[in-house]
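Residue-level listing of the chains:
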Amino acid sequence: MAESRIKLPKLKSVVVFRLPYLRHLKYRAKNAWIKHRWRSYYRKEILRFFNQALDFDPIEFALRARQRPSDCLIEINNTCNLRCPMCSTNLSKREKKNMDLGTYRRVLERVKEAGINIVSLYTVGEPLVYPWLEEAVSIAKNMGIRIGISTNANLVERLKNLYASNPEWIESFGFSVDGATPQTYEKMRRGGELKKVMESCEWILRVNKHRHMSRIALSITCVISKDNIREIATFMHRFSKYTFPECIHFMLVNSLSPDTTYFDERSLSFSNLYRLNVPCHISVFNRIYVNNEGQVTLCCRDYENKLVIGDVLIQPLLAVWRSEQADKIRRQHLGKKDLTIAECKKCYFPKPGLDELLNSYIHYLQYVENDFDDTIWCNKILDFLRDLNAQLGDSEKREERIKKVLSHL
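Since this is a predicted model, take the numbers as computed values, not measurements.

The next subject is the packing of aromatic side chains. Each pair of aromatic rings is reported with the distance of its centres and the angle of its planes. A complete count under the given rule lists 18 aromatic pairs for this structure. Between the aromatic rings of F235 and F250, the centroid separation amounts to 5.7 Å while the plane-to-plane angle is 65°, which identifies the pairing as edge-to-face. Note that F235 is positioned in helix α10 (residues 232–239) and F250 in strand β7 (residues 248–252), a separation of 15 residues in sequence. Each member of the pair, F235 as well as F250, carries the same accessibility label: buried. Ring geometry for F263 against Y274: centres 5.2 Å apart, planes inclined by 80°, an arrangement best described as edge-to-face. Residue F263 is located in helix α11 (residues 261–266), and its partner Y274 is located in strand β8 (residues 274–276); the two are separated by 11 residues in the primary sequence.

Following this line, the structure appears as structure tokens:
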């Protein structure tokens, strides 16, 4: 007998996010639906993302470059209160400065002209360090542009004041955490304190009145490396108190940094999970970034302005996106032998679909290993990644490789 399926009403995200309690109900319904059929749900998800990794054609992806960018990130500042080894923002030689509000307003006008109504106010810096963040949010609100903010969540009072200044326009926060214990967290997030992150989480829980995603949508991200692989169960268990498990995201560390030492030494040793990100599937062909001086770049972490393609203060955003300089960089990415950008030559990312695949497997473990034992979870995750690495490098028929990956479920 075919499995009955509960059909959830499809609502446009803009409607859901402007009606906070409706958003809470939507996520709660999805969470309940997953709990009811978690085994088949995660089996389908893992199969989908494994097929995506197998079928990914970087050239085909690149040639489908959009006429307009999918989204826009604005570097309101390139300063940070932490010194994380996987980012190494402090090693950038570019002048540390804040985008002035006049430039910011002009950038938003250009973004609006291009038909983009959602922007993220971060790239290489910590947005809560930006001194005029409240004003920046108000300007975006008056222009009808929704904003996204990702933070290390250590500046608790700043977080509270930002929300208090525009409670009806601050819809979501992303917290980058990476450690479940103080020792691990402070090793990966140098200069930070886990207790401050937990205080920020507790504050959001109170604002939401213990209804996840109701007033503030919270997503929590953990970048997995050798430093924290042994406490993923604790991470999942601890932070599920503050948001739905589906909003806790796990991903493998990448090499996008001025210094790749951390990636070289602490990334998990599964070479088939990574690819030299040329052609780039993260930025060059689908996203646009504006630095703190109004210059447009094609890289999410252009530490030294090596991929600048124009100035949004002088030209419309779409004109810069389609400029000859932009095409020159994209042509280099289409022909690896012609690539002269040193930063791109050392940029390694997990293959498309693998972060989502790993994320699905970790979420699956909360049902089969619900005592949240760190050792058991670590061993299972490593076994899964080891087999996944083998299947991505194997020449067996697709059906056999899929069967071996699904054998972990």
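On to helix α13 (residues 324–334), then. Listed as buried for α13 are A326, I329, R330, Q332 and H333. The buried residues of α13 occupy an angular sector of 155° when the element is viewed end-on, so they sit on one face. Packed against the buried residues of α13 are β11 (308–311), α12 (317–321) and α14 (342–345).

The next point concerns the environment of R330. Within the secondary structure, R330 is located in helix α13. With a relative accessible area of 9%, R330 lands in the buried category. Beyond its immediate chain neighbours, meaning those up to four positions away, R330 contacts V284, F285, L298 and W321. For R330, the side chain forms a polar contact with the main-chain oxygen of V284, separated by 3.1 Å.

Another point: helix α7 (residues 156–165). Among the residues of α7, V156, R158, L159, L162 and Y163 are the ones counted as buried. Projected down its long axis, α7 carries its buried residues within an arc of 165°, all on one side. At its buried positions, α7 is contacted by α6 (133–142), β4 (150–151), β5 (172–176) and α9 (194–207).

The next thing to look at is the confidence of the model for the chain. Interpreting fine coordinate detail is not advised for predicted regions of low pLDDT. Of all residues in the chain, 95% attain a pLDDT of 70 or more, and the chain-wide mean is 91. Confidence drops under a pLDDT of 50 for residues 1–11, and excluding neighbours within four residues, the segment shows 12 contacts in the predicted structure.

With that settled, the discussion passes to the sheet that holds β11. Reading across from one edge, β3-β2-β1-β9-β10-β11 is the order of the six strands in this open sheet, with mixed pairing throughout. Edge strands, defined here as strands with exactly one partner in the open sheet, are β3 (146–148) and β11. Neighbouring strand axes in the sheet, compared pairwise and without regard to direction, differ in orientation by 30° on average. Pairing between strand β1 (residues 71–74) and strand β9 (residues 287–290): four bridges, direction parallel. By the bridge assignment, L73 is partnered in β9 with Y289.

Residues I59, L63 and L334 make up a contiguous nonpolar surface patch of roughly 260 Å² in combined accessible area. Along the chain, L334 turns up in helix α13. Owing to a relative accessible area of 33%, L334 belongs among the partly exposed residues under this scheme.

Most of strand β6 (residues 217–224) is tucked away, with seven of its eight residues classed as buried. One ladder, built from five bridges, connects β5 with β6; its direction is parallel. Pairing of G174 across the sheet is with S219, part of β6. Looking at chain direction, β6 and β7 are connected through five bridges and run parallel. Its bridge partner being in β7, I220 is matched across the sheet by I248. A crossover connection joins β6 to the parallel β7 through α10; in handedness this β-α-β unit is right-handed.

Thresholds applied
Residues numbered from 1 in each chain as written. Predicted model: local features only at pLDDT ≥ 70, side-chain atom pairs only at ≥ 80, totals over all residues. Heavy atoms only, no water. Phe/Tyr/Trp six-rings, centres within 6.5 Å; stacked < 30°, edge-to-face > 60°. Helix = DSSP H or I, 4+ residues; strand = E, 2+ residues; numbered from the N terminus. Buried < 20%, exposed > 50% of the residue type's maximum accessible area, 1.4 Å probe, protein only. Arc of directions from axis to C-beta. Contact = heavy atoms within 4.5 Å. Polar contact = N/O pair within 3.5 Å; in protein donor to acceptor, adjacent residues only side chain to side chain. pLDDT = per-residue confidence, 0-100. Pairing = 2+ DSSP bridges. Axes fitted to C-alpha atoms, helices over the stretch in contact; angles between N-to-C directions. Patch = residues over 30% accessible without salt bridge, like charges linked within 9 Å, V, L, I, M, F, W, Y side chains within 5 Å. Areas by Shrake-Rupley, 256 points an atom, 1.4 Å probe, with all protein chains shown as cover. Salt bridge = Lys/Arg side-chain N within 4 Å of Asp/Glu carboxyl O. Right-handed = clockwise from strand over helix to strand, strands pointing away.

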